[in-house]
Amino acid sequence: MNLLDGKHVSAKIKEDIKQEAAELTTKLGRKPHLVAILVGHDGGSETYVASKMRNCEQVGFESTNLHYEADITEEALLSKITEINQDPSVDGLIVQLPLPKHIDPEKVTEAIDYRKDVDGFHPINLGRMQRNLPCFIPATPYGILLMLEHYQIDTSGKKAVIIGRSNIVGSPMSILLARNANPGNCTVTLTHSRTTNLAQEVQDADIIVAAIGKKNFVTADMVKEGAIVIDVGINREVSDLTKSGYKLFGDVDFEAVAPKSSWITPVPGGVGLMTIVGLLKNTLEAAKGTFYTK
Ligand code: NAD
């Protein structure tokens with residue numbers, strides 16, 4: 001078993017981003033700038049946004065966290081997004097999900113200017129991604145691709161089974177691994193809550209991507225000897241043993257599955273750190289104007 005070490009890879013890529021950001025700051029006369037909108041007080045979301053802001057600082061970006069109470073109206077939120085879309089000092093804009101029930105996440109996603117959509121959730125970016133055109137790729141699948149690339153893992157011709165079909169992880173991951181690209185060129189099966197014989201599907205996989213949100217969902221009997229296992233799940237449990245007061249678990253039973261796998265991501269220390277890198281890289285590209293003219 002080899003570890004797909006998010007700590008090591010993310011640190012290395014962040015160094016490169018930092019250097020590029022410094023050069024770009026000289027060129028533009030300002031730092032690359034990410035704005036994150038957070039609504040309400042979901043513990044996980046607050047932690048993720050704080051971490052994104054901290055990481056921006058580490059690589060020399062400017063970051064702004066706009067935090068609104070959960071009772072903000074949809075109209076007020078959409079109008080704030082329009083304002084930021086028009087602000088030339090902002091390169092990237094993300095709205096942390098989930099949103100309170102009275103706000104339609106689809107409306108919010110489509111309201112963000114696709115040229116600032118560094119989360120890669122806008123239908124224009126999604127469509128361009130499917131067509132293999134330059135675009136912002138959703139941060140988590142992008143981070144996974146960067147990890148596979150770093151370890152020079154050959155995915156071509158492999159059977160990949162994705163568990164979970166969310167708009168932010170499972171679905172884009174299935175598109176990316178099926179594309180005629182490297183990493184890519186897989187034969188992809190996208191499984192979800194209505195899949196029959198899920199265990200059987202997973203047992204055939206050379207590459208497993210688990211993005212469900214259920215601790216220890218993927219057990220050793222579901223994994224083929226030598227499989228590459230990518231665990232996206234983040235399941236928080238209250239714990240007296242950690243300083244933060246909670247402990248993180250993936251969707252994969254790591255202890256049992258690791259000995260059977262050829263490569264595996266740990267949780268924490270795997271995909272989560274790479275997701276941040278995906279976001280930072282997208283923000284840098286937005287500031288450079290790599291994909292779209294502003
Ligand atoms: P989600 O929570 O929106 O949806 C879960 C998906 O799992 C659905 O598509 C559903 O069909 C599928 N599913 C649920 N039960 C299933 C079952 N019994 N069998 C098969 N499929 C089943 O998905 P999400 O937003 O992609 O989140 C999934 C997990 O990944 C969560 O733990 C989340 O916290 C984590 N996550 C981690 C990162 C990261 O950076 N590491 C990023 C995003 C999400």
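Residues numbered from 1 in each chain as written. Predicted model: local features only at pLDDT ≥ 70, side-chain atom pairs only at ≥ 80, totals over all residues. Heavy atoms only, no water.

**Student:** Is there a simple way to explain the overall build of the protein chain in this structure?
**Tutor:** For the protein chain, the count of helices and strands is 10 helices and 11 strands. Rg of the C-alpha trace for the protein chain: 19 Å, near the compact-globule value of 19 Å for 294 residues, within the 12% margin. C-alpha atoms of the protein chain, sized along the principal axes, occupy 50 × 40 × 35 Å. For the protein chain, the proportion of its 294 residues judged to be buried stands at 47%. Counting only contacts in the protein chain whose residues sit at least 6 apart along the sequence, the fraction spanning at least 24 positions is 70%. The distance from the centre of the 31 positive side-chain charges to the centre of the 36 negative ones in the protein chain is 3 Å. (Helix = DSSP H or I, 4+ residues; strand = E, 2+ residues; numbered from the N terminus. Rg over C-alpha atoms; globule rule 2.2 N^0.38 Å. Buried < 20%, exposed > 50% of the residue type's maximum accessible area, 1.4 Å probe, protein only. Contact = heavy atoms within 4.5 Å. Lys, Arg positive; Asp, Glu negative; His and termini not counted. Charge placed at Lys NZ, Arg CZ, Asp CG, Glu CD.)

**Student:** Explain the site of the ligand to me, please; I cannot follow it from the model alone.
**Tutor:** For the ligand, the set of nearby residues contains 21 residues, the closest of which are Arg165, Ser166, Lys214, Val232 and Thr275. For the ligand, a nitrogen atom lies 3.2 Å from a polar atom in the backbone of valine 232. Burial of the ligand by the surrounding chains reaches 73%, relative to a free accessible area of 840 Å². A per-element tally of the shell around the ligand places helix 10 (residues 271–288) first, with 3 residues. (Near = heavy atom within 4 Å. Polar contact = N/O pair within 3.5 Å; in protein donor to acceptor, adjacent residues only side chain to side chain. Areas by Shrake-Rupley, 256 points an atom, 1.4 Å probe, with all protein chains shown as cover.)

**Student:** Just to check I follow, could you spell out the nonpolar core for this structure?
**Tutor:** Counting residues in hydrophobic clusters, the biggest one holds 52 residues, and the most contacted among them are Phe61, Ile144, Leu177, Val209, Ile230 and Val232. The greatest single-element share of this core, amounting to 9 residues, is contributed by helix 10. Of all hydrophobic cores here, the second largest spans 16 residues; its members include Met222, Val229, Val257 and Ala258. (Core = buried A, V, L, I, M, F, W, Y, C linked by side-chain atoms within 4.5 Å.)

**Student:** Just checking my understanding: could you explain the sheet that holds strand 5 (residues 159–163) for this structure?
**Tutor:** Strand pairing in a sheet is mediated by backbone hydrogen bonds. Such pairs are either parallel or antiparallel. Strand order in the open sheet formed by 6 strands is 1-11-8-7-5-6, with parallel pairing between adjacent strands. Either end of the sheet is taken by a strand with one partner, and the two such strands are strand 1 (2–3) and strand 6 (187–191). (Pairing = 2+ DSSP bridges.)

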